[in-house]
Amino acid sequence: MWDYSEKVKDHFFNPKNAGAVAGANAIGEVGSISCGDALRLTLKVNEDTEVIEEAGFQTFGCGSAIASSSVLTEIIKGMTLDDALKVSNQDIAQELDGLPPEKMHCSVMGREALQAAVANYRGEEWKDDHEEGALICKCFAIDAVMIEEMVWANKLRTVEDVTNFTKAGGGCAACHEDIENILERVLKERGESFNPDAAPIETPVVAEKKPLTNLQRIKKIEAVLDSLRPQLMADGGDVELVEVVENTAYVNMTGACNGCQMAAMTIAGIQQRLMEVLGEFIKVVPASQMPKLVTIQEASHA
Amino acid sequence: MPDIYLDNNATTKVDSAVVDVMIPYFTEQFGNPSSIHKFADGVARGIKHARSQVQQLIGAEHDSEIIFTSCGTESDSTAILSAIKAQPNKKEIITTMVEHPAILNLCEHLEKEGYTIHRLPVDKCGRLNLEAYKKLLSDQVAIVSVMWANNETGTIFPVVEMAEMANEAGVMFHTDAVQAVGKIPMMLKDTKIDMLSISGHKLHAPKGIGVLYLRRGTRYRPMLRGGHQERGRRAGTENSASIVGLGKACELALEFMEYENIQVKAMRDRLEQGIVEQIPHCFITGDLENRLPNTTDIAFEYIEGESILMLLNKAGIAASSGSACTSGSLEPSHVMRAMQIPYTAAHGTIRFSFSRYNTMSEVDEVLKVMPGIAATLRKLSPYWDGNGPVANPEQAFQPVYA
């Protein structure tokens, strides 16, 4: 089973605003039945103020698709159309306390339904600009289509190139075979052949990744924890950074988080967020599992 | 009511009698069966006994035809890689579109290395066309690998007949029988099946133990080389406790064979009939005349499988689904696609798989909650309107990207 947050479960088991809004004047329909999710969003927009007065959803899809739809309707009710358009898929995921990487597309579907509905209200045509492929890199949630497009656009040749441009493969490295398969296919179409030892292409334009110094890493981790703190404190908990050893961050979950059944899930969420921000693989481990520090005296007795 | 486990095709509970026979092999008889001392003297005997228990269950002619492995997947890989290593000039493999990934992904990999893979299609009931199969058999084919029973629908393939056909054409025949062994009777010595895979945890033995049946005289190349274990055909120190456990599990499976095919089947039949009668717009997938006694796979139209599973789980019922979302992939199960089940139904397939531990009152409990679950999710579905599907669902709702 997926590691769904309590909020995802709550919105799934008790969905808000399910069903079509009667007399809706903005309708957005997105999704793909072959992928197994589809969403119809119906809104009642006040024509003078452009405020969304009512929102309803009908969703064919998994637990997180239904939860994303439900939370989306809660977020946008009472917003003006312009403000609603600023809602990103990350906002939707964040409101749900995060989604597993394989399920981030559910939040994307929510945002797209919203865009489609606003376009429908304004008499515009909404076009989806995004095609989704099989998930390749689970650490950074990068799919095959994204990697393939980058390989074409930037003439990438090696796994290292792909990691530099998309982050894919920069975490646990389990997906390197899949990335090599994509490279092999695209390079063949381009009339080249894949050579794992090829030199990395020159001047990566998008993201030149320098390894972080430990000090930079600690500062960034602190910043991320600070940004997550309000959420934790709202649940009566807190997190404290104890030590960083290479790419392992040891933390103490305090307050209500301490001993909470959900602590493991929260830690996984923190780890995901850290990897996104730092762009490198980070393991978050409870400080209780930290190898015991040995003082000089103890060592000399050993 | 305690939780209800109806996911026995995924894995099963280890029978307590199996646990009991295993314990001494952790605590007392923990020696290496190859050693000459009293910590080991019972181990080789235990393994020998287990080998004959497996032999009995599948009706093998010799106990030396039983090779213990670590799992069904290892048995599958060993069989196929052995066939192509032993016959390097043969560059074709015949299999089906509905095999387990243990076969399909290996074949896809071999395809990249230059092998031609023939994947037999199935009809809407999941059945193979034996005429088409016959035409593919030639001296270019290294091996045929066809599952005995499908893990999702329980559909049984005519592997005995297909092995005869392969044998006449001089082609080796392997069957992945992990779902079939222990559920339907078999007598391998009367067949032309050359190799067969078993997985312990599908029949109340622990995870991490499997068997490759290898007919005496079949040309063979080991996948793991090293020590002399399993007569040099699968090197590596024996997983003695699990081997002994699997032996016991096979003995029990033989004992319960009639129970499985009468009582377990009766529970399955009552569940599927009850569901189809009570819930509109659902249907049973696969070859209804020719199925494992314990399996039913039901497609609930216009709703999605993972959502159904989450609501079942909340009601304390464990089952599984062929929807894309449950596996994190983009397509529903390849078995449903091969049977051309429409997307609106394929994503809503739920497999209930029974074992001898289930009871009729559990069936009644599922029948009590399932109609409510379908109704709840249909209320949310854009393909559903009031009491039935919207007219022309595929046309009525056409999302922007498809």
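Everything numeric in this text was worked out from a predicted model, so none of it was measured.

(A) How the structure looks around the overall build of chain A. Tallying secondary structure elements over chain A gives 11 helices and 8 strands in all. For chain A, the proportion of its 302 residues judged to be buried stands at 45%. By sequence separation, contacts in chain A at least 24 residues apart represent 58% of the contacts at least 6 residues apart. When the accessible surface of chain A is totalled, it reaches about 15000 Å², and 50% of it is carbon and sulfur.

(B) A look at a positive patch on the surface. Residue and element names in this part refer to chain B. A contiguous patch of positive charge, built from Lys85, Arg219, Arg221 and Arg225, is present on the exposed surface. As for its placement among the helices and strands, Arg219 is situated in the loop between strand E8 (210–214) and helix H8 (240–255). The partly exposed category is assigned to Arg219, whose relative accessible area is 45%.

(C) Quick peek at the sheet that holds strand E7 (residues 248–255) of chain A. Residues and elements named next belong to chain A. On the basis of which strands lie adjacent, the open sheet formed by 3 strands has the order E6-E7-E8 and mixed pairing. A single partner strand is all that each edge strand has here, and the edge strands are strand E6 (237–245) and strand E8 (283–286). On average, adjacent strands in this sheet sit at an angle of 35° to one another, irrespective of strand direction. One ladder, built from 8 bridges, connects E6 with E7; its direction is antiparallel. Considered in E7, the bridge of Val244 is made with Ala249.

(D) Fine view of the domain arrangement of chain B. Residues and elements named next belong to chain B. With domains assigned, chain B is organised as domain 1 (16–255) and domain 2 (258–385). Here domain 1 and domain 2 have C-alpha centroids that lie 29 Å from each other. With 27 residues of domain 1 at the interface, the matching set in domain 2 holds 23 residues. Looking only at domain 1, the three residues that lose the most surface to domain 2 are Glu152, Thr153 and Lys183, adding up to 32% of its buried area. Applying the counting rule to domain 1 against domain 2 returns 0 salt bridges. Applying the counting rule to domain 1 against domain 2 returns 8 residue pairs in polar contact (both at pLDDT 80 or more). Taken together, the residues of the side of domain 1 that touches domain 2 break down into 11 nonpolar, 10 polar and 6 charged.

(E) Representation of the side chain of Asp76(B) within the structure. Locating Asp76(B) in the fold gives a position in helix H4 (residues 72–86). If sequence neighbours within four positions are ignored, Asp76(B) has contacts with Ala102(B), Ile103(B), His174(B), Asp176(B) and Ser197(B).

(F) The arrangement of the pairing of strand E2 (residues 66–69) of chain B in detail. Residues and elements named next belong to chain B. Across the two faces of E2 the burial is the same, with Ile66 and Phe68 and Ile67 and Thr69 all buried. Summarising the sheet, E2 and E8 pair through 4 bridges and their orientation is antiparallel. Within E8, the position partnered with Phe68 by the bridge is Val211.

(G) Seen up close, the domain arrangement of chain A. Here chain A is partitioned into domain 1 (6–121), domain 2 (135–189) and domain 3 (214–289). Each of domain 1 of chain A and domain 3 of chain A was reduced to a C-alpha centroid, and the two centroids are 30 Å apart.

(H) View of the sheet that holds strand E10 (residues 295–300) of chain B. All names here are of chain B. Overall, antiparallel pairing links the 4 strands, which are arranged E9-E10-E13-E12 in an open sheet. Each having just a single partner strand, strand E9 (282–284) and strand E12 (320–321) make up the two edges of the open sheet. As judged from the 2 bridges shared by E12 and strand E13 (residues 349–353), these two strands associate in the antiparallel manner. In the strand pairing of E13, Ser320 is matched with Arg351. In the packing of helix H10 (residues 305–314) onto the sheet, the strands contacted are E10, E12 and E13, and the crossing angle to E13 comes to about 45°.

(I) Structural view of the packing of aromatic side chains. All names here are of chain B. Enumeration according to the criterion identifies 5 aromatic pairs over all chains in this entry. Seen in terms of ring centroids, Tyr302 and Trp384 are 5.9 Å apart; in terms of plane orientation they differ by 45°. Their pairing is tilted. Here Tyr302 is found in the loop between E10 and H10, whereas its partner Trp384 is found in strand E14 (residues 384–385), with 82 residues between them in sequence. Judged on exposure class, the residue Tyr302 and its partner Trp384 are both buried. Sitting over the ring of Tyr343, Arg337 keeps its end group 4.0 Å from the ring centre. Lying across the ring of Tyr357, Arg356 places its NZ or CZ 5.8 Å from the centre.

(J) Just the nonpolar core, in detail. Residues Ile58(B), Phe68(B), Tyr133(B), Val144(B), Trp148(B), Phe173(B) and Leu196(B) are the most contacted members of the largest nonpolar core, which totals 67 residues. Lining this core are residues from two domains, each supplying at least three of them: domain 1 (16–255) and domain 2 (258–385) of chain B. Apart from the residues within four sequence positions on either side, Val144(B) is in contact with Ile94(B), Tyr133(B), Leu137(B), Ala166(B), Val171(B), Met172(B), Phe173(B) and His174(B). Core analysis: the next-biggest nonpolar cluster, separate from the first, contains 66 residues, Leu81(A), Tyr121(A), Ile350(B) and Met370(B) among them.

(K) View of unusual backbone geometry. Residue and element names in this part refer to chain A. The backbone of Asn17 sits at a positive phi, close to 60°, despite the residue not being glycine. Within the fold, Asn17 resides in the loop between helix H1 (6–13) and strand E1 (26–32). Even without a glycine there, the phi angle at Glu246 is positive, about 50°. Mapped onto the secondary structure, Glu246 falls in the loop between E6 and E7. What makes Glu246 exposed here is its relative accessible area of 64%.

Parameters at a glance
- Residues numbered from 1 in each chain as written.
- Chains lettered and ligands numbered in written order.
- Predicted model: local features only at pLDDT ≥ 70, side-chain atom pairs only at ≥ 80, totals over all residues.
- Heavy atoms only, no water.
- Helix = DSSP H or I, 4+ residues; strand = E, 2+ residues; numbered from the N terminus.
- Buried < 20%, exposed > 50% of the residue type's maximum accessible area, 1.4 Å probe, protein only.
- Contact = heavy atoms within 4.5 Å.
- Areas by Shrake-Rupley, 256 points an atom, 1.4 Å probe, with all protein chains shown as cover.
- Patch = residues over 30% accessible without salt bridge, like charges linked within 9 Å, V, L, I, M, F, W, Y side chains within 5 Å.
- Salt bridge = Lys/Arg side-chain N within 4 Å of Asp/Glu carboxyl O.
- Lys, Arg positive; Asp, Glu negative; His and termini not counted.
- Charge placed at Lys NZ, Arg CZ, Asp CG, Glu CD.
- Pairing = 2+ DSSP bridges.
- Axes fitted to C-alpha atoms, helices over the stretch in contact; angles between N-to-C directions.
- Domains from an automatic or database assignment.
- Buried area = accessible area lost by both parts, 1.4 Å probe.
- Polar contact = N/O pair within 3.5 Å; in protein donor to acceptor, adjacent residues only side chain to side chain.
- Nonpolar A, V, L, I, M, F, W, Y, C, P; charged D, E, K, R; others polar.
- Phe/Tyr/Trp six-rings, centres within 6.5 Å; stacked < 30°, edge-to-face > 60°.
- Lys NZ or Arg CZ within 6 Å of the ring centre and 35° of its normal.
- Core = buried A, V, L, I, M, F, W, Y, C linked by side-chain atoms within 4.5 Å.

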